[in-house]
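Working through the structure, step by step
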Amino acid sequence: MRNSDRIPTGPGASAAGREQPPEGALSAPAVGRRDILRAGGAIGLSLPFAGGIGALYGAWTAPAQAAVTGQCVLGVTQEAVNFNPLLYVNTGVETSVEFIVFDALWKIDPEGNFVANLAAEIPTGANGGISADGLTWTIKLRPDAKWHDGTPFTAADVVFTLDVILDPKVVVRSRSGHDHVASYEAVDDHTVRITLKDSFAPYMVSWQKTSIIPRHILQGTDINTAPFNTAPVGTGPFRLKERVAGSHIAFEPNADYHGGAPKLASLVQKYVPDQQTLYAQFQTGEVDIFDLQGIPPLLYQKAQELPNCSILLSASPFVEFIYFNCGKPQFADKRVRKALYMAVDKKGWIDAVYYGVPIPTLSYLPPNHWAYNQNLVDPGFDPEKAAALLDEAGWTVGGDGVRQKDGVRLAFTMSTTAGNKSREQAQQLVQQNFKRIGVEMTIKNMPASVVWGDYTVKSEFDTLMVGWDALLYPDPDYGDRIISTAIPAKGGSGSNYVQYQNAEIDELSARGVTTVDQAARKAIYDRIQEILLDEVPFAPIFAYQTIVGVLDRIQNYRPNPYTSINSWNTVEWTAA
C-alpha cells in the first residue's frame, strides 16, 4: 500500500498536506463540524452514507473484478457530451477527452514548465520565436504529426483554428489571448507567424489551452452544430472509439502518435453519476482511477487503508463558488449579494461536508497563488449583520417569513450537478443559512449535461453551486469570466455567466494582460480581487484539493496542479 498526502508544489499548489489559510480568512467564529451535523439531523439534513461507515463498508465487500492487462478505466461523476475542444463548457470531464484525443502546440507539466507538443520547440526570444517587443511570434511545427485519419498536420490547421476562434458566429468557450491577435499566416507548411496588437503577458498560456482542430474536416461547416463535435478527429495519443450515452467513452491507442505510441491497449472514461457508487467501483477494481470530483472526503481516512492503491491529495485550479445571476432582480443590488455571502457558514461547510480538506479562499484564485491578494478581509459568518444589510437595502420580511421588495420575493433556486452528494449536502446547509435571514432558496439540480448547457451559458439560472478555474490558469487573468463584453446571454462570447458589469473591472482586466512586470501585475490583480470581494458577483468558498485514488497497477499517473483533470499525460500510462 502506498499513500501520499503530498500536494504538487508550484503556483496554485500547496507544499504541505493542509496549508493554513491567509490571515483573516477564517476570522469569524463558526460552529464546529459536530454541531452542524447535529443541526443537520434536526432539520432533516440527508447526510451521505446514512447507514454509517461500518454499514457502508460491510456492503462493499464484493471481490475485485479481474483487471484487464493494458486497459485503464478512469472514473468520473459527470458525463462528457461535447468533444470539440473549442466549444465545450464542462471543464474537467470534457477537458479529459480533449487531452486524450487532441493536442495543443505545447502542454504544461506538473512543475509548471511548457513542453513542446505540436510545436517543434517553445518559442522564446533566444531562439527567435518571440520578437524583442513581444508582438511577433514565429512558431515552428513538428513535421511528423498526423490527424487520426492519416492526413498530415500542417500550419494550415493552426491558421484554421485561429479563424474559428476569432469568428464571431462561432460560440467558442474562450477567445482569451487570441483576441489580441492583429494578423496571422502560414509561412510554410511547418511555420506559423502571429502578430499581436499589443503585448499580452499570458499568450503562452493561451496556446497551451488551445487544442488544434482539423481544417480538412471542418472547413465550410457550421462549427456550432458540426457532427465532429460528437465524433472528433484529433492528433492526440488516442482515438475516440465509441461513446455510449450514460455509460462510458472508449478510446483506442493511436499507434502513429508523434509523441510515441501509447503504452495502454485501451482507455475508458467511465461515467458513474454517484460518488458513493464510483468509490465502491474503485474499491472493487472496476475503476482504476477516481479523479476530478474525487473520493468523498468522508472516506479519506478509510480510503488510505485500502490495499494496492495510492490515495493522493491533488491540488487543483478549481475554486468552489456560489454564482449569483446579477441579471435577476433578486441579485441586482450588491448589498443583497454581500448579505447572502455573510449568511453562509463557509468554515462549517468545509468542515462538515469536506472534512476540512479544501483550502478557504476569498478570491477566484487559491490562496497560495502568487497573485492572490493577501490583504482580503473575510466579511465573516454573521447572520445578524447580513439581515441588517438586507433591511438597509429595503428587503423586508413578509407574512410568509420571506423577504420581499417591490413585489419581488427574495426567493430563488440553486442548481448543480444531480448526484453530487457533497454538493447536495452543502446546498442543504446553505439553504438553512439563508432561511435564517428570511431568504427562500429552493434546490433545483439537474444532470451535468443539462445544468452546464444553455441553462448556464445563457444565464437561465438563479444561482449555481459550481467549481470554476481561471481559463488561462496558472495566469491570474480572469477577464473572460468578469468583463462586460464576455456575457453570452447579451451577445458576448466568453464565460461571464453571472452577467456582471463593472467599468473599472473592464479597464483593470485589459491592463492586467498587457502588463509584463509581475509586481505591476500583482497590484492590478490585487485591486480586481478587492472589487470582486466587495461586489460579490460570485461568492468564493474554497480552493479544491481532490482526493484521488489510483490503483497500483496503473503507473506513470502524475497529478498536475495546472490542469483541471490529471489525464494530461495518458500517453505515458501503463496498466499491469
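Residues numbered from 1 in each chain as written. Predicted model: local features only at pLDDT ≥ 70, side-chain atom pairs only at ≥ 80, totals over all residues. Heavy atoms only, no water.

Here's the deal with the sheet that holds strand E7 (residues 191-196)
Sheet strands pair via backbone hydrogen bonds, and the direction of the pair is either parallel or antiparallel. Rule in force here: When DSSP finds at least two bridges between two strands, those strands are taken to pair. What counts as a helix is a DSSP run of H or I of at least four residues, what counts as a strand is a run of E of at least two, and both are numbered from the N terminus. Angles run from 0 to 180 degrees between N-to-C directions of axes, and those axes are lines fitted to C-alpha atoms, restricted for helices to the stretch in contact. Whether two residues touch is decided by their heavy atoms; if any such pair falls within 4.5 Å, the residues are in contact.
Ordered in space as E5-E7-E6, the 3 strands form an open sheet in which the pairing is antiparallel. Among the strands making up the open sheet, the edge pair consists of strand E5 (136-140) and strand E6 (181-188). Adjacent strand axes in the sheet meet at a mean angle of 15° when their direction is disregarded. Of the strand pairs in this sheet, E5 and E7 are connected by 5 bridges, and their pairing is antiparallel. By the bridge assignment for E7, Lys-140 is matched with Thr-191. Running at roughly 160° to E6, helix H4 (residues 155-166) makes contact with E6 and E7 of the sheet.

A short note on the pairing of strand E17 (residues 411-415)
Formally: Each residue is assigned to one of three classes by its accessible area relative to the maximum for its type, calculated with a 1.4 Å probe on protein chains only: buried under 20%, partly exposed between the two thresholds, exposed over 50%. Here the term right-handed applies to a crossover when the path leading from its first strand over the helix to its second strand runs clockwise, the strands being oriented away from the viewer.
In terms of burial, E17 is largely enclosed, as 5 of its 5 residues are buried. Across the two faces of E17 the burial is the same, with Ala-411, Thr-413 and Ser-415 and Phe-412 and Met-414 all buried. Running through helix H12 (residues 421-435), the crossover from E17 to the neighbouring parallel element strand E18 (residues 440-443) is right-handed. With 2 bridges joining them, E17 and strand E19 (residues 463-468) adopt parallel strand pairing. Along E19, the bridge assignment pairs Met-414 with Thr-463.

So, the pattern of salt bridges
Rules: A pairing counts as a salt bridge when a side-chain nitrogen of Lys or Arg comes within 4 Å of a carboxyl oxygen of Asp or Glu.
Tallying each qualifying case throughout the model produces 28 salt bridges. One continuous salt-bridge network, built from bridges that share partners, spans Asp-274, Lys-421 and Glu-424.

Side note on the nonpolar core
Put simply, the rule reads: Side-chain atoms within 4.5 Å are what join buried Ala, Val, Leu, Ile, Met, Phe, Trp, Tyr and Cys residues into a set we call a nonpolar core.
Grouped together as the largest cluster of nonpolar side chains are 144 residues, with contacts concentrated most on Leu-105, Ile-194, Trp-207, Tyr-323, Trp-349 and Phe-434. Top contributing element to this core by residue count: strand E20 (residues 538-551), with 8 residues. Counting 19 residues, the second-largest nonpolar core is a separate cluster that includes Val-287, Tyr-300, Leu-313 and Val-357.

Re unusual backbone geometry
Excluding glycine, residues mostly have negative phi values, and the peptide bonds linking residues are mostly trans. Residue Pro-474 is bonded to the preceding Tyr-473 through a cis peptide linkage, with omega at 15°. Mapping Pro-474 onto the fold places it in the loop between E19 and helix H15 (479-482).

Concerning the environment of Val-172
Topologically, Val-172 is positioned in the loop between H4 and E6. Residue classification places Val-172 among the buried residues on the basis of a relative accessible area of 3%. Separated by 51 residues in the primary sequence, Val-172 and Ile-223 have C-alpha atoms spaced 9.4 Å apart. Once residues lying within four places of it in the same chain are set aside, the contact partners of Val-172 are Leu-86, Leu-87, Val-164, Ile-165 and Ser-493.

A word on the packing of helix H10 (residues 346-354) against H12
Spelled out, the test is: Should an angle lie under 35 degrees it is considered roughly parallel, over 145 roughly antiparallel, and from 65 to 115 roughly perpendicular; all remaining angles are considered oblique. In this scheme the crossing of two helices becomes right-handed for a clockwise turn of the near helix relative to the far one and left-handed for an anticlockwise turn of less than a right angle.
Axis separation between H10 and H12 bottoms out at 10 Å; the angle between their running directions is 140°. If you check the angle between H10 and H12, you find them oblique. With respect to the hand of their crossing, H10 and H12 are arranged in right-handed fashion. Between H10, through Trp-349, Ala-352, Val-353 and Tyr-354, and H12, the contact on the second element is made entirely by Ser-422, Arg-423, Gln-425, Ala-426, Leu-429 and Val-430.

Focus: the side chain of Glu-320
Inclusion rule: Pairs of N or O atoms within 3.5 Å make up the polar contacts considered here, provided that, within protein, one atom can donate a hydrogen while the other can accept it, and that residues adjacent in sequence are counted only when both atoms are side-chain atoms.
With respect to the secondary-structure elements, Glu-320 resides in strand E12 (residues 309-324). The exposure class assigned to Glu-320 is buried, which follows from its relative accessible area of 0%. Within the structure, the side chain of Glu-320 is placed 2.3 Å from the side chain of Tyr-544, a separation counted as a polar contact. Once you skip the residues sitting within four places of it in the chain, Glu-320 turns out to touch Trp-349, Tyr-354, Arg-423, Met-465, Val-466, Gly-467, Ala-539, Pro-540, Ile-541, Phe-542 and Tyr-544.

Side note on the packing of aromatic side chains
Each aromatic ring pair is summarised here by two numbers: the centre-to-centre distance and the angle between the ring planes. For clarity, the cut-off: Any two rings among Phe, Tyr and Trp, with Trp reduced to its six-membered ring, count as a pair given centres within 6.5 Å; such a pair is stacked if its planes are under 30 degrees apart, edge-to-face if over 60, and tilted if neither.
Enumeration according to the criterion identifies 21 aromatic pairs in this entry. Arranged with centres 5.6 Å apart and planes meeting at 40°, the rings of Phe-542 and Tyr-544 form a pair that is tilted. Classification of Phe-542 as buried rests on a relative accessible area of 2%. An aromatic cluster is built from Phe-321, Tyr-323, Tyr-364, Trp-452, Trp-468, Tyr-478, Tyr-497 and Phe-538, whose rings are joined through pairwise contacts.

Concerning the pairing of E6
Taken together, the 6 bridges between E6 and E7 define a ladder with antiparallel strand orientation. What sits directly across from Ser-183, in E7, is Thr-195. Once E6 ends, the chain turns through 2 residues before running back antiparallel as E7.

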